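Chain by chain, the residues run as shown.
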Amino acid sequence: MSRKGETQVVSLKDISVRCGVSIATVSKALNDHKDVSPATKERLMKAAKEMGYFPNSQARALKTNRTFNLGVMFNDEAGMGLTHEFFAKVLNSFKKEAELLGYDITFINKDIGENKMSTYEHCKYRNVDGIVIICTDFSDPDVYEVVNGDLPVVTIDHTFECRTAVVSNNEAGMEELVRYVANKGHRKIAFIQGKRSAVMEKRMSGFCKACMNLKIEVKPDWMLSGEYHSPTITYDLTKKLITGKDRPTCIFMPDDFSAIGGYNAIADCGLKIPQDISVVGYDGIAYSEFLSPKLTSYKQDTGVIGATAAKKLIAQIENPSTTFAEVITVDGELQTGVSVVDVVNTN
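Bear in mind that the values here come from a model prediction, so they are computed numbers and not experimental data. (Residues numbered from 1 in each chain as written. Predicted model: local features only at pLDDT ≥ 70, side-chain atom pairs only at ≥ 80, totals over all residues. Heavy atoms only, no water.)

1. Describing the overall build of the chain
Thinking step 1. A count of helices and strands for the chain gives 12 helices and 12 strands.
Thinking step 2. Buried positions account for 47% of the 347 residues belonging to the chain.
Thinking step 3. Relative to all contacts within the chain whose residues are 6 or more apart in sequence, the contacts with residues 24 or more apart total 70%. (Helix = DSSP H or I, 4+ residues; strand = E, 2+ residues; numbered from the N terminus. Buried < 20%, exposed > 50% of the residue type's maximum accessible area, 1.4 Å probe, protein only. Contact = heavy atoms within 4.5 Å.)

So this is what it looks like as structure tokens:
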């Protein structure tokens, strides 16, 4: 008998005694073996639930050679961590899908406490079945060690040869934003880019491709290098763009969060959005809807991105011989606000 305040662990033997069957029969019933009758199986499952039985994870790992635990490699360079809305939503949808499929998640990093180990060594230490890599420096040797290891891997918004990746359609999203702005009459468009990465290159490609197709000049002086998720840097770069002799009529911000800095810079220069200058963002985070005026943006489908990553990673774990590396592209949608105004003859 357990003492007061202690939780009593229910064993297979406890269930067998209560139901008058062998321990082997209980084990077979709980593991859905076919040589136990449906009636007996139902009776034992009901008893296990009523008694509060939970299978021992270590025992299950020994039996299945799996821990049902997925590693998450997440290192937000902007320092926002899980307060970064876009990545938080992706991770939340990943977590929900993983749990629906019977898996837990563990955040994996290197240098845990005083233990100095690589991320790959930590994966082995935690004995995860697979790992998803999101929001990190993909050029880091620590990442390459994981990618080149023997664990199933899925990356988000970055592709490696022979590894499955789930990526947002950044190129198409940027093309759609440019077309929208151009249809409003804008020909003088500036672009504050994020830090160089696979995401930035795709967005840059979409921007330049759309401008070329629409015969809009891409001016080098209006293509500035900034940072993602940095209102401070975006503030300074926006000021640079709007205080020059030749001012653009529309500025593309690195992302919605950075656009806060752009909004403030425009206001501090005595200008108004969109009357004096139009602004667009990227990501479609909830916060952008509370900017005044409401920001025009491109909303990424965080729900599909995270859930797809979980499904693809678990498929690799459970069916390694029938899965293959692939790149899954997820479309988003234009989110029209009121930060872009119609212009006439801006040349």
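Anyway, onward from the coordinates.
2. Focus: the nonpolar core
Thinking step 1. The biggest cluster of nonpolar side chains holds 26 residues, and the ones touching the most others in it are L70, F94 and I134.
Thinking step 2. Only β1 (69–74), α5 (85–100), β3 (130–134), β4 (153–156), α12 (302–318) and β11 (327–330) provide two or more residues apiece to this core.
Thinking step 3. Counting residues in hydrophobic clusters, the runner-up holds 21 residues, among them M174, V181, F207 and Y282. (Core = buried A, V, L, I, M, F, W, Y, C linked by side-chain atoms within 4.5 Å.)

3. Thoughts on the sheet that holds β11
Thinking step 1. The six strands are arranged β2-β1-β3-β4-β5-β11 in an open sheet whose pairing can be described as parallel. Looking at the sheet topology across the chains shown, the edges are occupied by β2 (104–107) and β11. Pairwise comparison of adjacent strand axes, ignoring direction, gives a mean angle of 20 degrees for this sheet.
Thinking step 2. Here β1 runs beside β2; their pairing, made up of four bridges, is parallel. Residue V72 lies in a different strand from β2, and its bridge partner there is F107. (Pairing = 2+ DSSP bridges. Axes fitted to C-alpha atoms, helices over the stretch in contact; angles between N-to-C directions.)

4. Concerning the packing of aromatic side chains
Given two aromatic rings, their pairing is described by the distance between the two centres and the angle made by the two planes.
Thinking step 1. The tally for this structure, following the rule as stated, stands at nine aromatic pairs.
Thinking step 2. Measuring from centroid to centroid gives 5.5 Å for Y282 and Y298, while their planes differ by 35 degrees, and the two rings are tilted. With Y282 in the loop between β9 (278–280) and β10 (297–299) and Y298 in strand β10, this residue pair connects regions lying 16 residues apart in the sequence.
Thinking step 3. What makes Y298 buried here is its relative accessible area of 2%.
Thinking step 4. Over the aromatic face of Y282 sits the side chain of R203, whose NZ or CZ is 3.9 Å from the ring centroid.
Thinking step 5. When the ring centre of W222 is taken as reference, the NZ or CZ atom of K219 above it lies at 4.4 Å. (Phe/Tyr/Trp six-rings, centres within 6.5 Å; stacked < 30°, edge-to-face > 60°. Lys NZ or Arg CZ within 6 Å of the ring centre and 35° of its normal.)

5. A short note on the sheet that holds strand β7 (residues 223–225)
Thinking step 1. Pairing in this open sheet of four strands is parallel, and the strands run β7-β6-β8-β9 from one edge to the other. Looking along the sheet, the strands with just one partner apiece sit at the ends: β7 and β9. Neighbouring strand axes in the sheet, compared pairwise and without regard to direction, differ in orientation by 20 degrees on average.
Thinking step 2. In the packing of helix α9 (residues 198–213) onto the sheet, contacts are made with β6 (189–193), β7 and β8 (250–252), and the angle to β6 comes to roughly 170 degrees.
Thinking step 3. Contacting β6, β7 and β8, helix α10 (residues 231–242) runs over the sheet at an angle of about 155 degrees to β6.

6. A few points about the pattern of salt bridges
Thinking step 1. Evaluated as defined, the whole model comprises 13 salt bridges.
Thinking step 2. The salt bridge involving R203 is made with D283; its shortest N-O contact spans 3.5 Å. Placement of R203 in helix α9 and of D283 in the loop between β9 and β10 is noted, with a sequence separation of 80 residues between them. Just as R203 is buried, D283 falls in that class too.
Thinking step 3. In the salt-bridge network here, residues are joined through shared partners; they are E175, R179 and K209. (Salt bridge = Lys/Arg side-chain N within 4 Å of Asp/Glu carboxyl O.)

7. A closer look at α10
Thinking step 1. End to end, α10 covers 16 Å across 12 residues, agreeing with the expected 16 Å (1.5 Å per residue, within 8%).
Thinking step 2. Buried residues of α10: T234, L237, T238, L241 and I242, and no others. End-on, the buried residues of α10 take up no more than an arc of 130 degrees, which puts them together on one face. Relative to its buried face, α10 has exposed residues pointing more than 90 degrees away, namely T232 and K240.
Thinking step 3. In this fold, the buried residues of α10 make contact with β6, β7, β8 and α11 (259–268). (Expected span 1.5 Å × (residues − 1). Arc of directions from axis to C-beta.)

8. Section: unusual backbone geometry
Thinking step 1. A cis amide bond links I273 with the next residue in sequence, P274, at an omega value of 0 degrees.
Thinking step 2. Mapped onto the elements of the fold, P274 is located in the loop between α11 and β9.
Thinking step 3. Look at the link from S292 to P293: it is a cis peptide, with omega at 0 degrees.
Thinking step 4. Backbone geometry at C162 places phi at a positive 70 degrees, although glycine is not the residue there.
Thinking step 5. Mapped onto the elements of the fold, C162 is located in the loop between β4 and β5 (164–168).
Thinking step 6. With relative accessibility at 66%, the residue C162 sits in the exposed group.
Thinking step 7. A positive phi is found at D283, a non-glycine position, where the angle reads about 120 degrees.

9. Let's talk about the state of the cysteines
Thinking step 1. Evaluation of the coordinates by the stated rule reveals zero disulfides.
Thinking step 2. C211 provides the cysteine sulfur closest to C208, a residue in no disulfide bond, and the two sulfurs are 6.6 Å apart. (Disulfide = S-S within 2.5 Å.)

10. As for the side chain of E97
Thinking step 1. Here E97 lies in helix α5.
Thinking step 2. Nearest to the buried, unbridged E97 among oppositely charged side chains is K311, at 4.3 Å.
Thinking step 3. For E97, the contacting residues outside a window of four places in its chain are A307, A310 and K311. (Lys, Arg positive; Asp, Glu negative; His and termini not counted.)

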